[in-house]
Amino acid sequence: MRLPFTFRTYRTVVSILEPAVLGLLYWRQRKGREDKTRLGERQGHPSRQRPKGHLIWVHGASIGETLSLLPVVERMTQRGLAVLVTSGTKTSAALIARRLPPGAVHQFVPLDVPRYIRRFLDHWQPDLALIAESEIWPNTIMALSERDIPLVMVNGRMSDRSYQRWQKMPGIIRRLLERFALCLTQTAEDAERLARLGAPRVVVTGNIKFDAAPPPADPRVVAQLSGLIAGRPVWLAASTHQGEESAIIAVHRALAKRHPHLLTIIAPRHPHRGHEVAALAGQAGLRAGRRSQGIHPDRATDVYVIDTVGEMGLFYRLSPVVLMGGTLVPVGGHNPIEPAKLGAAILHGPHVHAAVEIYDALDRSRGALMVKDSSSLARAVSEMLGNAALTRDMARAAGDAVQALGGAVDRTMQSVEPFIVQAKLGARR
């Protein structure tokens, strides 16, 4: 199939700009946003041998998307399939490496440059590609189509904002979506938007994040930190963004007298901001400790900053009240499923457009409460810290709401099964 003129032009322009893309990659590496030891993977150079036999390529852009795919990866490896998992961020790579099952390997996804994609596909030769949520990279999609490698969107979503943007380029998005063998979506709204944009085969399977196991934690470390903070009122602000930490610190100052020995835990979405968050606390006259420096919270610690990777399972277990970040500022809200599964009552701001379904379910079940600003946040935190029965009831309701929304992994695997069978029958190896 001859590529449309627009895509041929895009491919040519990106190829011409490859030196600039490479420069951007090295700039990101200098800023600490790329892994220096694995920079070649972003250019399609493999750092691992390809496993023998049938290989499924599974891609998630960042931490949330990649972790949500773990149940699917586990199902496939249990069937004897080799799985290549790719992601695009340092944080996701560090975390996923510790949680992949035997039979799965991780690589950084190559940038959407024709030569990088060609190099990547020449080595890995996947029999099937599964891409999570809304990752639409034209050169990658076209390269898979040209090699007749089936491409399936899993846990797909199409936000209203993205839908409005793509409507301005109807021909481009339609020709891209036509190359997906199947789109499996989180909600009926996502399915309708994708279908309207031109996806020919769309099925609603639900959100596989509801089926993911909660993040692990070493019981010995849980017991150690539980002992250190025993008797103190504790709350956690998770996955916070710039503009939210100042409000959280203001809440701590407002509540410190009413709740003696209050410990506020802040886990910035991007751990490299740990120094910045600790500095904000210091400027407010509070004593802050940073997890990355090996500091444990003592009785004098007011704010404990979690600027490490892979420890949210630990701190969700320690905190009866969790504020989800990205909701007090217009980021869209991060996944509250993990703290809900680990027994926390959830607070969130008004900006939840990236995860409307789960926040609506939690709010309806009274497992979560929306706050509008730092004043209402302070009132909610104070009430929940002072009323253990209320907090336990909210936590129980949150857990039940999440459990009721499960089953998407089973539906996803049923939908993908024909492609797995086809890959085995038509394997080139």
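In this text the structure is predicted, and so the values were computed from the model without any measurement. (Residues numbered from 1 in each chain as written. Predicted model: local features only at pLDDT ≥ 70, side-chain atom pairs only at ≥ 80, totals over all residues. Heavy atoms only, no water.)

Undergrad: Please explain unusual backbone geometry as it appears in this structure.
TA: Note: most peptide bonds trans; most residues except glycine with negative phi. The phi dihedral of histidine 261 is positive, around 65°, even though this residue is not glycine. Positionally, histidine 261 belongs in the loop between helix 12 (245-255) and strand 9 (263-268). Residue classification places histidine 261 among the partly exposed residues on the basis of a relative accessible area of 46%. A positive phi is found at arginine 366, a non-glycine position, where the angle reads about 65°. Within the secondary structure, arginine 366 is located in the loop between helix 16 (356-365) and strand 14 (368-370). Overall, arginine 366 belongs to the exposed group, its relative accessible area being 68%. (Helix = DSSP H or I, 4+ residues; strand = E, 2+ residues; numbered from the N terminus. Buried < 20%, exposed > 50% of the residue type's maximum accessible area, 1.4 Å probe, protein only.)

Undergrad: Got a minute to help me understand a nonpolar patch on the surface in this structure?
TA: On the surface, Val13, Ile16 and Leu17 cluster together to form a nonpolar patch covering roughly 280 Å² of accessible area. Looking at the secondary structure, you find valine 13 in helix 1 (residues 5-16). (Patch = residues over 30% accessible without salt bridge, like charges linked within 9 Å, V, L, I, M, F, W, Y side chains within 5 Å. Areas by Shrake-Rupley, 256 points an atom, 1.4 Å probe, with all protein chains shown as cover. Salt bridge = Lys/Arg side-chain N within 4 Å of Asp/Glu carboxyl O.)

Undergrad: How should I be thinking about the sheet that holds strand 9 in this particular structure?
TA: Two strands in a sheet stick together by hydrogen bonds in their backbones, pointing the same way (parallel) or opposite ways (antiparallel). If you trace the seven strands from one edge of the open sheet to the other, you get 10-11-9-8-12-13-14, paired in parallel fashion. Taken across any chain shown, the strands that pair with only one partner, and hence form the sheet edges, are strand 10 (288-290) and strand 14. For this sheet, the mean angle separating the axes of adjacent strands, direction not counted, is 20°. By the bridge criterion, three bridges tie strand 8 (residues 234-240) to strand 12 (residues 321-324) in an arrangement that is parallel. Bridge assignment links leucine 236 to a residue of strand 12, and that residue is valine 322. (Pairing = 2+ DSSP bridges. Axes fitted to C-alpha atoms, helices over the stretch in contact; angles between N-to-C directions.)

Undergrad: Honestly, the sheet that holds strand 7 (residues 202-204) in this entry has me stumped. Any pointers?
TA: The seven strands are arranged 3-2-1-4-5-6-7 in an open sheet whose pairing can be described as parallel. The strands lining the two open edges of the sheet, one partner per strand, are strand 3 (104-108) and strand 7. Each neighbouring strand pair of the sheet contributes to a mean axis angle of 20°, computed without reference to strand direction. Two strands pair when backbone bridges link them, and strand 1 (residues 55-59) and strand 2 (residues 82-87) are joined in this way by five bridges, in the parallel orientation. By the bridge assignment, valine 58 is partnered in strand 2 with valine 85. Lying on the sheet, helix 5 (residues 90-97) is in contact with strand 2 and strand 3; it crosses strand 3 at an angle near 165°. (Contact = heavy atoms within 4.5 Å.)

Undergrad: Even after reading the chapter, I still don't get the pattern of salt bridges, so can you show me in this structure?
TA: Under the counting rule described, the total for this entry stands at 19 salt bridges. Close ionic contact of glutamate 133 with lysine 209 constitutes a salt bridge, the shortest N to O distance being 3.2 Å. Taken as a pair, glutamate 133 in the loop between strand 4 (128-132) and helix 7 (138-146) and lysine 209 in the loop between strand 7 and helix 11 (219-229) lie far apart in primary sequence, 76 residues in all. Residues glutamate 133 and lysine 209 agree in their burial class; the two are buried.

Undergrad: So what exactly am I meant to see when it comes to helix 13 (residues 274-283) here?
TA: An α-helical turn contains 3.6 residues, so any two residues separated by three or four positions project in the same direction. Of all the positions in helix 13, only Gly274, Val277, Ala278 and Ala281 are classed as buried. In a view along the axis of helix 13, the buried residues occupy a sector of 95°, so they form one face of it. In this structure, helix 13 carries His275 and Gln283 as exposed residues pointing more than 90 degrees from its buried face. Residue glycine 285 follows helix 13 closely and has a positive phi angle near 80°. (Arc of directions from axis to C-beta.)

Undergrad: I'm lost on the packing of helix 17 (residues 374-386) against helix 18 (residues 388-404) in this one. Help?
TA: The axes of two packed helices give the description: the angle between them and the distance between them. At a closest axis distance of 5 Å, the pairing of helix 17 and helix 18 adopts a crossing angle of 100°. With respect to each other, helix 17 and helix 18 are oriented roughly perpendicular. Packed against helix 17, whose contacting residues are Glu383, Met384 and Gly386, the element helix 18 presents Ala388, Leu390, Thr391 and Met394 at the interface. By residue class, the composition of the contact of helix 17 with helix 18 is four nonpolar, two polar and one charged. (Parallel < 35°, antiparallel > 145°, perpendicular 65-115°, else oblique. Nonpolar A, V, L, I, M, F, W, Y, C, P; charged D, E, K, R; others polar.)

Undergrad: Can you help me understand the packing of helix 12 against helix 13 in this one?
TA: Between helix 12 and helix 13, the shortest axis-to-axis distance is 10 Å and the interhelical angle comes to 40°. As helix 12 packs across helix 13, the resulting crossing turns out to be right-handed. Contact residues: helix 12 offers Glu245, Ser246 and Ile249, while helix 13 offers Val277, Leu280 and Ala281. Split by residue class, the contact of helix 12 with helix 13 holds four nonpolar, one polar and one charged. (Left-handed = near helix turned anticlockwise from the far one by under 90°.)

Undergrad: Even after reading the chapter, I still don't get the pairing of strand 6 (residues 182-185), so can you show me in this structure?
TA: A regular strand places its side chains so that they alternate between the two faces of the sheet. Of the two faces of strand 6, the one lined by Leu182 and Leu184 and the one lined by Cys183 and Thr185 are each fully buried. Here three bridges tie strand 6 to strand 7, and the two strands are oriented parallel to one another. Paired with leucine 184 across the bridge in strand 7 is valine 203. Crossover strand 6 to strand 7 through helix 10 (residues 188-197) is right-handed. (Right-handed = clockwise from strand over helix to strand, strands pointing away.)

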